[in-house]
Amino acid sequence: QVLSDEMCEICEVWTAESLFPCRVCSRVYHDGCLRRMGYLQNNSAVEVTETAHTETGWSCYYCDNLNLLLTEEEMYSLMETLRHCEIIPETCLTLDDFLHYKHLVHKQQFERPMAEAQEEQAALQFSALDPDKKGHIEWHDFLSHESIQLLQKLRPQNALLRLLTAKERERARAAFLALDQDGDGFIGEGECRRARQAWFRKHQKETPSCNVSISHVGPMSESSPVSSGSGKSQEKTPPAAEQEEARPVDWPGFLRENVAYILAARPNSAALHLQPPA
């Protein structure tokens, strides 16, 4: 089992008072240190207190920010794309803003208009980024989504796998073993796809669950709004997703096919930063 650090990441002091562990990395924090540094404010303070020591867990400020996974060159590329598409930083985006941006990016990359099915998937992604149905998506959620998109586009699969922490690998391994009920080292493609959706189960209280714990808060229930999504994914999906349902998936394959979704589920926000295909 992967253990968390013993000393607070901020003050580097061990005390008997409760330390809040990050669900993604090994860092731990004092409540007072987080407040003093301005990382805990109002709602986030309640969230940390309520979830840090539960199965749901809490992501520290390093892991919560997917933008930090980008290199300087990748970040510059993303900012240039946003500037070219006239996206104003730190602002919320409506559905029209989001679709307009997706159309421009698609035309810039492929030199042809976006197909109707792709536009439908973009609209589904917008809904996933707006879980409270406010009619707009927050800037940090939009940036997290675009960061994951860029990582998928620019980095090979092995490079994405290297971004996973020991805790994430351990959780994924436990999920795979729980799904591999006959112990032959393989699971079905359908189970692998359902696991993709389960990484996003965050901050859902009193949600019914089944007996296989897949993510940091358990498996996706059939009644969850995430599991009802439809349409083909516009996102770059693993070629394996197009194979027949019965295709067996081994542990390395399971990790490869889920890596982007595991990374996308790091932020504390309830938004889905990478909409899994139906």
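Residues numbered from 1 in each chain as written. Predicted model: local features only at pLDDT ≥ 70, side-chain atom pairs only at ≥ 80, totals over all residues. Heavy atoms only, no water.

1. Topic: the overall build of the chain
Phase 1: A count of helical and extended segments in the chain gives 10 helices and 6 strands.
Phase 2: Considering only residue pairs separated by 6 or more positions, the chain has 68% of its internal contacts joining residues 24 or more positions apart.
Phase 3: Total accessible area on the chain stands at roughly 14,500 Å², and carbon and sulfur atoms take up 51% of it. (Helix = DSSP H or I, 4+ residues; strand = E, 2+ residues; numbered from the N terminus. Contact = heavy atoms within 4.5 Å. Areas by Shrake-Rupley, 256 points an atom, 1.4 Å probe, with all protein chains shown as cover.)

2. With respect to helix H5 (residues 116–129)
Phase 1: For H5, built from 14 residues, the straight-helix expectation of 20 Å at 1.5 Å per residue is met to within 8% by its first-to-last C-alpha distance of 20 Å.
Phase 2: In the core, the buried residues of H5 are packed alongside strand E3 (93–94), helix H4 (95–110), strand E4 (136–137) and helix H6 (139–154). (Expected span 1.5 Å × (residues − 1).)

3. A closer look at H6
Phase 1: For H6, which comprises 16 residues, the first-to-last C-alpha distance of 22 Å matches the rise-based estimate of 22 Å (1.5 Å per residue) to within 8%.
Phase 2: Burial of H6 is extensive: 13 of the 16 residues sit out of reach of the surface. (Buried < 20%, exposed > 50% of the residue type's maximum accessible area, 1.4 Å probe, protein only.)

4. Thoughts on the packing of helix H9 (residues 189–198) against helix H10 (residues 251–264)
Phase 1: Running from N to C, H9 and H10 cross one another at 25°; their axes reach a closest spacing of 9 Å. Classed by the angle they form, the pair H9 and H10 counts as roughly parallel. Considering only the axes of H9 and H10, their crossing is right-handed. Of the residues in H10, those in contact with Glu189, Cys192, Ala195 and Arg196 of H9 are Phe254, Glu257, Asn258 and Tyr261.
Phase 2: Its residues assigned to classes, the contact of H9 with H10 shows 4 nonpolar, 1 polar and 3 charged. (Axes fitted to C-alpha atoms, helices over the stretch in contact; angles between N-to-C directions. Parallel < 35°, antiparallel > 145°, perpendicular 65-115°, else oblique. Left-handed = near helix turned anticlockwise from the far one by under 90°. Nonpolar A, V, L, I, M, F, W, Y, C, P; charged D, E, K, R; others polar.)

5. Here's the deal with the nonpolar core
Phase 1: Counting residues in hydrophobic clusters, the biggest one holds 42 residues, and the most contacted among them are Leu82, Ile87, Phe142 and Phe254.
Phase 2: Within the residue set of this core, elements represented by two or more residues are helix H3 (72–84), H4, H5, H6, helix H7 (157–161), helix H8 (166–179), H9 and H10.
Phase 3: With 8 residues, the single largest contributor to this core is H10.
Phase 4: Ignoring any residue separated from it by four or fewer positions in sequence, one finds phenylalanine 142 in contact with Leu82, Ile87, Leu93, Phe98, Tyr101 and Ile137.
Phase 5: Within the second largest apolar cluster, 13 residues are counted, among which are Cys25, Tyr29, Ala45 and Val48. (Core = buried A, V, L, I, M, F, W, Y, C linked by side-chain atoms within 4.5 Å.)

6. With respect to the side chain of glutamine 125
Phase 1: Assignment of secondary structure puts glutamine 125 in helix H5.
Phase 2: Of the polar contacts made by the side chain of glutamine 125, one reaches the backbone nitrogen of glutamine 275; its length is 2.8 Å. (Polar contact = N/O pair within 3.5 Å; in protein donor to acceptor, adjacent residues only side chain to side chain.)

7. Details of the environment of proline 276
Phase 1: Within the element layout of this structure, proline 276 appears in the segment after H10.
Phase 2: The exposure class assigned to proline 276 is buried, which follows from its relative accessible area of 4%.
Phase 3: Sequence separation of proline 276 and tyrosine 261 is 15 residues, and the distance between their C-alpha atoms is 7.6 Å.

8. With respect to the pattern of salt bridges
Phase 1: In total, this model carries 10 salt bridges according to the counting rule given.
Phase 2: Between glutamate 146 and lysine 102 there is a salt bridge, with the nearest N and O atoms lying 3.1 Å from each other. With glutamate 146 in helix H6 and lysine 102 in helix H4, the pair connects residues that are 44 residues apart, well separated along the chain.
Phase 3: Here glutamate 189 makes a salt bridge to arginine 247, at a shortest N to O gap of 2.5 Å. Here glutamate 189 is found in helix H9, whereas its partner arginine 247 is found in the loop between H9 and strand E6 (248–250), with 58 residues between them in sequence. (Salt bridge = Lys/Arg side-chain N within 4 Å of Asp/Glu carboxyl O.)

9. Some remarks on the packing of aromatic side chains
Phase 1: Within the structure shown, the criterion is met by 11 aromatic pairs.
Phase 2: Considering the side-chain rings of tyrosine 101 and phenylalanine 142, the 5.3 Å spacing of their centres and the 75° angle between planes classify their relative orientation as edge-to-face. Here the residue tyrosine 101 occupies a position in helix H4, and phenylalanine 142 occupies one in helix H6, the gap between them amounting to 41 residues.
Phase 3: Counting every residue linked through ring pairs, the aromatic cluster contains Tyr29, Tyr39, Trp58, Tyr61 and Tyr62. (Phe/Tyr/Trp six-rings, centres within 6.5 Å; stacked < 30°, edge-to-face > 60°.)

10. Some remarks on the confidence of the model for the chain
Phase 1: Summary statistics for the chain give a mean pLDDT of 81 and a share of 81% for residues scoring 70 or more.
Phase 2: By mean pLDDT, helix H2 (residues 43–51) is the weakest element of the chain at 74, and E4 is the strongest at 97.
Phase 3: Across residues 203–238 the pLDDT falls below 50, and counting only partners more than four positions away or on other chains, this stretch makes 90 contacts in the model.
Phase 4: Confidence drops under pLDDT 50 across residues 240–244; counting only partners more than four residues distant or on other chains, this segment forms 7 contacts. (pLDDT = per-residue confidence, 0-100.)

11. So, the environment of lysine 102
Phase 1: Since its relative accessible area comes to 5%, lysine 102 is described here as buried.
Phase 2: Sequence-wise, lysine 102 and methionine 114 are 12 residues apart; in three dimensions their C-alpha atoms are separated by 8.3 Å.
Phase 3: There is a polar contact of 3.1 Å between the side chain of lysine 102 and the side chain of glutamate 146.

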